[in-house]
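Descriptive analysis of the structure
Here are the chains, one letter per residue:
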Amino acid sequence: KAGVTQTPRYLIKTRGQQVTLSCSPISGHRSVSWYQQTPGQGLQFLFEYFSETQRNKGNFPGRFSGRQFSNSRSEMNVSTLELGDSALYLCASSSRGVLLDNEQFFGPGTRLTVL
Amino acid sequence: QQQVKQSPQSLIVQKGGISIINCAYENTAFDYFPWYQQFPGKGPALLIAIRPDVSEKKEGRFTISFNKSAKQFSLHIMDSQPGDSATYFCAASVSGAGSYQLTFGKGTKLSVIP
């Protein structure tokens, strides 16, 4: 089974621009979560989508948004980029099955650099 | 407020030794505790996980010990190898119909020296 894929892998943007990141979950997985990883703050939860509905949102400003499509693929968008948005953005998918339903599998991440 | 505290921040172990990483949590609703391993340039990989109905879980050289009353859990890596050199994260989440948000510790950078 193919793992979680994220595109693009690397991205360089300037302040004020917006960016869209994409995530394709493991086949059959319906839950997609997004995390931001930085050296200072570690791994922080952004939001989770399940069956195209946002289940939960972390403590991030409204510039961070996401969506999920009917095929479970997800995108996250960051508008009006700031220098502090430079980070590794990770997507994780979960099957939400009956047993071991918390298991989340991460993709390789998108490295975003804001100049 | 950090809900999952991880220690140590960094750890150096000789090949063949035992690596021990500790985590403590505050939220008693947490009922799923995974450990992730991350190599530079890669996403975190699920290593092993435990639920509070057991006190220990072993998979190969990796063991999780869980102490519900103390709200602590730890990862033991037996016979540590240079290939185990990576950053390890503990995490916690709440099961159920709600979000599966993982709350992570800050990570431990493990270096296994030959």
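For the structure itself, consult the block above.
In this report, we go over the structure that sits alongside the text. In every chain, residue numbers begin from 1 and rise along the written sequence. Chains carry letters and ligands carry numbers; both start at the beginning, A for chains and 1 for ligands, and go up in the order they are written. Local features are withheld for residues below a pLDDT of 70 in this predicted model, meaning they are given only at 70 or higher, and side-chain atom pairs are given and counted only at 80 or more; totals for whole chains, interfaces and linings count all residues. Side-chain calculation: all heavy atoms of the structure are included, whereas hydrogens and water are not.

Quick notes on the overall build of chain A
By the criteria applied, helices consist of DSSP H or I runs no shorter than four residues and strands consist of E runs no shorter than two, each listed in order from the N terminus. For chain A, the helix and strand inventory stands at zero helices and eleven strands. Between the two quantities, the radius of gyration covers C-alpha atoms and the globule rule is 2.2 Å times the number of residues to the power 0.38. The C-alpha radius of gyration of chain A comes to 14 Å, within 12% of the 13 Å expected for a compact globule of 115 residues. Each principal axis of the C-alpha distribution contributes one length, and for chain A these read about 45 × 30 × 25 Å. Residues classed as buried in chain A amount to 50% of the 115 residues present. Values of accessible area rely on a 1.4 Å probe in the Shrake-Rupley scheme; residue burial ignores everything except the protein chains shown. Surface summary for chain A: the accessible area is close to 5,400 Å², and the carbon and sulfur share equals 50%. Relative accessible area decides the class of each residue, using a 1.4 Å probe on protein chains only: under 20% of the type maximum gives buried, over 50% gives exposed, and in between gives partly exposed.

Some details on the nonpolar core
Across soluble globular proteins, nonpolar side chains have a tendency to be buried as a group. All names here are of chain B. We call a set of buried Ala, Val, Leu, Ile, Met, Phe, Trp, Tyr and Cys residues a nonpolar core when their side-chain atoms join them within 4.5 Å. In terms of nonpolar packing, the biggest core is built from 24 residues, with Phe33, Trp35, Phe73, Leu75 and Tyr88 touching the most fellow members. Residue assignment for this core shows that the elements contributing at least two residues are strand S2 (10-14), strand S3 (19-25), strand S4 (33-38), strand S5 (45-50), strand S7 (62-67), strand S8 (72-77), strand S9 (86-92) and strand S11 (108-113). Tallying contributions element by element places S9 first for this core, with four residues. Not counting residues within four places of it along the chain, the set of residues in contact with Phe33 comprises Tyr25, Ile48, Ala49, Ile50, Pro52, Ile64, Phe66, Phe73, Ala91 and Ala92. Note on contacts: a residue pair qualifies if any of its non-hydrogen atoms lie within 4.5 Å across the two residues.

Things to note about the sheet that holds S7 of chain B
Residues and elements named next belong to chain B. Sheet architecture is open: five strands sit in the order S1-S3-S8-S7-S6, paired in antiparallel fashion. Of all the strands in the sheet, the pair left with one neighbour each is strand S1 (4-7) and strand S6 (56-59). Strand-to-strand twist across the sheet, computed as the mean angle between neighbouring axes with direction ignored, equals 15°. If DSSP finds at least two bridges between two strands, the strands pair. Simply put, an axis is a line fit to the C-alpha atoms, just over the touching stretch for a helix, and the angle between two N-to-C directions goes from 0 to 180 degrees.

A closer look at the side chain of Thr108 of chain B
Topologically, Thr108 of chain B is positioned in strand S11. Setting aside chain neighbours within four positions, we find Thr108 of chain B in contact with Gln6, Ser7, Pro8, Gln9, Ser10, Leu11, Ile21, Ala86, Thr87 and Tyr88 of chain B.

Re the interface of chain B and chain A
Listed per partner, the contact involves 21 residues of chain B and 24 residues of chain A. As used here, buried area is the combined drop in accessible area, with a 1.4 Å probe, of two parts when they are placed together. Summed over both sides, the interface of chain B with chain A buries roughly 1,900 Å², with 49% coming from carbon and sulfur. Polar contacts, as used here, are pairs of N or O atoms within 3.5 Å; protein pairs need one atom able to donate a hydrogen and one able to accept it. Residues neighboring in sequence count only if both atoms are side-chain atoms. Across the contact surface, chain B and chain A share five residue pairs in polar contact (both at pLDDT 80 or more). The residue classification treats Ala, Val, Leu, Ile, Met, Phe, Trp, Tyr, Cys and Pro as nonpolar and Asp, Glu, Lys and Arg as charged. All others, Gly included, are polar. Of the residues assigned to the side of chain B that touches chain A, the class counts are ten nonpolar, eight polar and three charged.

Description of the state of the cysteines
Residues and elements named next belong to chain A. Cysteine sulfur pairs qualify as disulfides if the two atoms are within 2.5 Å. For the coordinates displayed, the defined rule picks out two disulfides over all chains. Disulfide pairing places Cys23 opposite Cys91 at an S-S distance of 1.7 Å. Disulfide Cys23-Cys91: the torsion about the S-S bond is -55°, which places it as left-handed. Taken together, the residues span a long stretch of sequence, with Cys23 in strand S3 (residues 19-24) and Cys91 in strand S9 (residues 87-94) at a distance of 68 residues. Residue Cys23 shares its accessibility class with Cys91, and that shared class is buried.

A closer look at the pattern of salt bridges
When the charged atoms of two side chains lie near each other, side chains of opposite charge can form a pair. Residue and element names in this part refer to chain A. The salt bridge criterion pairs a side-chain nitrogen of Lys or Arg with a carboxyl oxygen of Asp or Glu, the two atoms within 4 Å. The tally for this structure, following the rule as stated, stands at six salt bridges over all chains. Across the pair Asp85 and Arg63 runs a salt bridge, and its minimum N-O distance is 2.8 Å. Linking Asp85 in the loop between strand S8 (74-78) and S9 with Arg63 in the loop between strand S6 (53-57) and strand S7 (64-68), this pair joins segments that are 22 residues apart in sequence. Comparing Asp85 with Arg63, the two get one shared label, buried. With a closest N to O distance of 3.3 Å, Arg67 and Glu75 form a salt bridge. Here the salt bridges do not stand alone but share partners, grouping Arg63, Glu82 and Asp85 into one network.

A few points about the pairing of S6 of chain B
All names here are of chain B. Bridging between S6 and S7 involves four bridges; their strand directions are antiparallel. Residue pairing across strands places Lys58 opposite Thr63, the latter belonging to S7. With antiparallel pairing between neighbouring strands as the criterion, S6 and S7 make up a hairpin whose turn holds two residues, including Gly60 at a positive phi of roughly 65°.

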